[in-house]
Amino acid sequence: MKHRLHTLSSNFIKCGLAGWSMEILFTSMDSLRRRDMTLKGNTSLWMFPIYGSAAFLAPIGRLLRSKPVWARGLSYMGLFFSLEYLSGYLLSRRNLCPWDYNRSRWNISRIIRLDFAPCWFLAGLAFERLLLPPETK
């Protein structure tokens, strides 16, 4: 039990830091699109526990391990959309949500963007790699 708790907390920190890093890189690319060569990226402290909760994907990843990459990616994408919606909804109720997708025509309730589906697909596979040891044959 102690080992599981240590692993979960370690994975939570790894996922939180990885998510923050990915978000900063992603938002920096938006600066590039706007020709702002400062390439400033941004995130919020709220995002650390949101990304950190990807640590709970490890058991799901083990269950999906034998599935094709497209099935795993779609599963993670659905889970990430669900988590993003839930966390965004809860934060929005207190006017604390650090993102607002109102400007996107692909938004749902200003909280998620369907055009980010490929990003969440790839992010899920990246978190899978971070959380699961390589398979030995």
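Residues numbered from 1 in each chain as written. Predicted model: local features only at pLDDT ≥ 70, side-chain atom pairs only at ≥ 80, totals over all residues. Heavy atoms only, no water.

Draft legend 1. Representation of a nonpolar patch on the surface. On the surface, a nonpolar cluster with roughly 650 Å² of combined accessible area is contributed by Tyr85, Leu86, Tyr89, Leu90, Trp106, Ile108 and Leu114. For the nonpolar patch, the element with the most residues is helix H4 (residues 69–92), which contributes 4 residues. Checked against the element boundaries, tyrosine 85 lands in helix H4. Owing to a relative accessible area of 31%, tyrosine 85 belongs among the partly exposed residues under this scheme. (Patch = residues over 30% accessible without salt bridge, like charges linked within 9 Å, V, L, I, M, F, W, Y side chains within 5 Å. Areas by Shrake-Rupley, 256 points an atom, 1.4 Å probe, with all protein chains shown as cover. Salt bridge = Lys/Arg side-chain N within 4 Å of Asp/Glu carboxyl O. Helix = DSSP H or I, 4+ residues; strand = E, 2+ residues; numbered from the N terminus. Buried < 20%, exposed > 50% of the residue type's maximum accessible area, 1.4 Å probe, protein only.)

Draft legend 2. Molecular detail of the side chain of glutamate 128. Along the polypeptide, glutamate 128 turns up in helix H5 (residues 117–131). Looking at glutamate 128, the relative accessible area reads 14%, which means it is buried. Not counting residues up to four positions away in its chain, the partners in contact with glutamate 128 are Arg72 and Tyr76. (Contact = heavy atoms within 4.5 Å.)

Draft legend 3. Examining the environment of leucine 131 more closely. Summarising the element assignment, leucine 131 is placed in helix H5. Residues leucine 131 and phenylalanine 12 lie 119 residues apart in sequence; the distance between their C-alpha atoms is 9.6 Å. Setting aside residues up to four positions removed in sequence, leucine 131 forms contacts with Asn11, Cys15, Ala54, Ala55, Leu57 and Ala58.

Draft legend 4. Summary view of helix H1 (residues 2–33). The end-to-end C-alpha distance of H1, which contains 32 residues, comes to 47 Å, matching closely the 46 Å that a straight helix rising 1.5 Å per residue would cover. Listing the buried residues of H1 in full gives Asn11, Cys15, Gly16, Gly19, Glu23, Thr27, Ser28 and Ser31. Arginine 35, located one to two residues past H1, shows a positive phi value of around 65°. (Expected span 1.5 Å × (residues − 1).)

Just geometry here; none of it tells us what the structure is for.
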